[in-house]
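Observations on the model geometry
Okay, here's what each chain looks like letter by letter:
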Amino acid sequence: FSSALETAVGARAALQVAGTRAGAGRNGVATPRILVLAPTRELAQQVADEAVRYGRSLKVNTVCIYGGAPYPIQNRELARGADIIVATPGRLIDHLERGRIDLSALEVLVLDEADRMLDMGFVDDVERIALLAPKSRQTVLFSATFDTAIARLSARLMRDAVRVEVASDKAAPLAIEQRVHFADDHSHKHRILDHLLADVAMTQSIVFIATKRDAESLAQRLKGEGHAAAALHGDMNQHERTRTLLEMRRGRVRTLVATDVAARGIDVAGISHVINFDLPRQAGDYVHRIGRTGRAGAAGIAVSIANHAERGAVRQIERFTGAAIPALEIPGLEPRRRESRVAPRTGF
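The rules we used
- Counting from 1, residues in each chain are numbered in the order their sequence is written.
- With pLDDT at 70 or above as the cut-off, local features in this predicted model cover only qualifying residues; side-chain atom pairs require 80 or more to be listed or tallied, and sums for whole chains, interfaces and linings still use all residues.
- To get the side-chain values, take all heavy atoms of the structure and skip hydrogens and water.
- Between 30 and 60 degrees the pair is tilted, below 30 it is stacked and above 60 it is edge-to-face, where a pair is any two Phe, Tyr or Trp rings, Trp via its six-membered ring, whose centres lie within 6.5 Å.
- Lysine NZ or arginine CZ positioned within 6 Å of the ring centre and within 35 degrees of the ring normal marks a charge as sitting over the ring.
- Helix numbering and strand numbering both begin at the N terminus, where a helix is a DSSP run of H or I of at least 4 residues and a strand a DSSP run of E of at least 2.
- Burial classes: relative accessible area under 20% of the type maximum marks a residue as buried, over 50% as exposed, and values in between as partly exposed (1.4 Å probe, protein chains only).
- Throughout, a residue-residue contact means that at least one pair of heavy atoms, one from each residue, lies within 4.5 Å.
- Here, any two strands with at least 2 DSSP bridges between them count as paired.
- Grouping buried Ala, Val, Leu, Ile, Met, Phe, Trp, Tyr and Cys residues that are joined through side-chain atoms within 4.5 Å yields what is termed a nonpolar core.
- Here an angle of 0 to 180 degrees is reported between the N-to-C directions of two axes, which are lines fitted to C-alpha atoms, with helices fitted over the stretch in contact.
- Angle categories: roughly parallel below 35 degrees, roughly antiparallel above 145, roughly perpendicular from 65 to 115, and oblique for all the rest.
- Crossings are sorted by hand: turned counterclockwise from the far helix by less than a right angle, the near helix makes the crossing left-handed, and turned clockwise it makes it right-handed.
- Whenever a nitrogen or oxygen atom comes within 3.5 Å of another N or O atom, the pair is scored as a polar contact, on the condition that within protein one atom can donate a hydrogen and the other can accept it, and that pairs from neighbouring residues in sequence are kept only if both atoms are in side chains.
- The salt bridge criterion pairs a side-chain nitrogen of Lys or Arg with a carboxyl oxygen of Asp or Glu, the two atoms within 4 Å.
- Per-residue confidence from the predictor is reported as pLDDT, which spans 0 to 100.
- One less than the residue count of a helix, multiplied by 1.5 Å, gives the span that helix is expected to have.
- Directions drawn from the helix axis to the C-beta atoms are what define this arc.

Thoughts on the packing of aromatic side chains
Counting across every chain of the model gives zero aromatic pairs. Directly above the ring of Y71 sits R91, whose terminal nitrogen or CZ lies 3.8 Å from the centroid.

Observations concerning the environment of A183
Of note, A183 is situated in strand β6 (residues 176-183). The class of A183 is buried, set by a relative accessible area of 0%. Each C-alpha atom, one on A183 and one on N307, is 5.0 Å from the other, the two residues being 124 residues apart in sequence. What A183 contacts, discounting residues up to four positions off in sequence, is H188, K189, I192, I305, A306, N307 and H308.

Quick notes on the pairing of strand β9 (residues 255-258)
On β9, burial covers both faces: T255 and V257 on one face and L256 and A258 on the other are all buried. Judged from the four bridges that link them, strand β7 (residues 205-208) and β9 form a sheet pairing that is parallel. If you follow V207 over to β9, its bridge partner there is V257. Both strand β8 (residues 229-232) and β9 contribute to a ladder of four bridges, which runs parallel.

Brief notes about the nonpolar core
In this structure, L35, L37, I85, L92, I101, L111 and I129 are the most contacted members of the largest nonpolar core, which totals 29 residues. Setting aside residues no more than four positions away along its own chain, L37 makes contact with A87, L92, L109, V110, L111, D112, M117, V126 and I129. In this structure, A230, A258, V268 and A327 belong to the second largest nonpolar core, which totals 28 residues.

A few points about the sheet that holds strand β1 (residues 34-37)
Through backbone hydrogen bonds, the strands of a sheet pair up, either in parallel or in antiparallel fashion. Reading across the sheet, the five strands line up as β2-β3-β1-β4-β5 and stay open at both edges, with parallel pairing between neighbours. Taken across any chain shown, the strands that pair with only one partner, and hence form the sheet edges, are β2 (62-65) and β5 (138-141). Across the sheet, the mean angle from the axis of one strand to that of its neighbour is 15 degrees, orientation sign disregarded. Pairing of strand β4 (residues 108-111) with β5, which is carried by four bridges, proceeds in the parallel orientation. Bridge pairing links L109 to T139 in β5.

Side note on helix α12 (residues 283-290)
Of all eight residues that make up α12, seven are buried, and the element is covered over most of its length. Among all positions of α12, only A283, G284, D285, Y286, V287, R289 and I290 are buried.

Here's the deal with the packing of helix α8 (residues 186-197) against helix α9 (residues 212-224)
A pair of packed helices is captured by two measures, namely the crossing angle of their axes and the spacing between those axes. At a closest axis distance of 13 Å, the pairing of α8 and α9 adopts a crossing angle of 55 degrees. Taken together, the axes of α8 and α9 lie oblique to each other. In the crossing of α8 with α9, the sense of the turn from one axis to the other is right-handed. Along its contact with α8, which presents H190, L193, D194 and L197, the element α9 presents L218, R221 and L222.

Structural notes on unusual backbone geometry
With a phi close to 60 degrees, K59 is a non-glycine residue in the positive phi region. Looking at where K59 falls in the secondary structure, it is placed in the loop between α2 (41-55) and β2. According to the relative accessible area criterion, K59 is exposed, its value standing at 67%. Positive phi outside glycine occurs at E113, with the angle close to 50 degrees.

Examining the environment of D194
Among the structural elements, D194 can be located in helix α8. Taking the C-alpha atoms as reference points, D194 and H227, separated by 33 residues in sequence, lie 9.9 Å from one another. Other than its neighbours up to four places away in sequence, D194 contacts R221, L222 and E225. For D194, the side chain forms a polar contact with the side chain of R221, separated by 3.3 Å.

What to know about the pattern of salt bridges
A full pass over the atoms with the stated rule returns 15 salt bridges. Across the salt bridge formed by K189 and D278, the nearest N and O atoms sit 3.7 Å from each other. Residue K189 is found in helix α8, and its partner D278 is found in the loop between β10 (273-276) and α12; the two are separated by 89 residues along the sequence. The partner of R252 in a salt bridge is E247, and the shortest N-O contact between them spans 3.2 Å. Residue R252 is classed as exposed on the basis of its relative accessible area of 52%.

Details of the confidence of the model for the protein
Chain-level pLDDT for the protein is 84 on average; 85% of the residues reach the 70-or-more range. In the predicted structure, residues 1-5 sits below a pLDDT of 50 and forms twelve contacts with residues beyond four places in sequence or in another chain.

Digging into α9
For α9, spanning 13 residues, the distance from its first C-alpha to its last is 19 Å, which sits close to the expected 18 Å at 1.5 Å a residue. Considered for burial, the residues of α9 that qualify are A215, L218, A219 and L222. Taken around the axis of α9, the buried residues stretch over an arc of 100 degrees, which confines them to a single face. More than 90 degrees from the buried face of α9, the exposed residues found are R213 and G224. Contacts from the buried residues of α9 go to α8, β7, β8 and β9. Count one or two residues on from α9 and you reach G226, which has phi positive near 100 degrees.

Structure below.
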């Protein structure tokens, strides 16, 4: 289930306990009672939307701040007061340094997708922010994984912590059909991708790729070939990211080429296919990626295009999810080197 919803539910419960409204504080400085840190702008926006929905009947004010958005707008919103602030770490620190936010009255600190924040290098920012909040606060940490790094972070930020685990999300949704195509080289990968994108049954797709530069390059190539394609990556400013997602929701973008970080939090109902042009570095990210399709009970298709050297990575994903991924061939695009479990397939 959505971590945005998890966080909003937690914020709602905390507000009911918190009682009185925080208001704007002294000299127009926002003094929130609840702070939610999120790793990406898109996720921060999702969490803020849910917090607004839950807090509407409680008469609380939620402000969402993130990088790439104009400072004057955020400054005005903060000056009006904030009971809940949902923020990405970097922009929050900017506002703290400029004296627009005071965390001395903070009662609840929520770290959403803490594992992703560590992956993105936000650990120092998170710890710096935590030091500015009262030690008496309640700290809530959400993480899809709980490895050594997360355990150390939680130990530094939390006291007498209670660990709550929900059912594992390792298994891919049953409505998603999975397959892998093996490619001889990078050129072969591109030919397979072109074949997949030509499928008339594909309504919308996300193509996952490893780097920002490759995302931009591939999106430009696809547009040059007549595809309604766009890139989504971390170097884009907020206006560009918002416009791209809006274009996809309106159906004007058929194929989104995205990096893992940029695609975190994307929720578009019409995505029929997820294509892993580059395999994820961590097996857990595979489940998050393919979960962009098959939404709301709809069927979805997840295709991975792997080099022969990536057979080990495919097996790692299979061990993580507990299910084998069929290796299929496209007539006319068969790899020169045959995998022992490859089965021929016609059409898509």
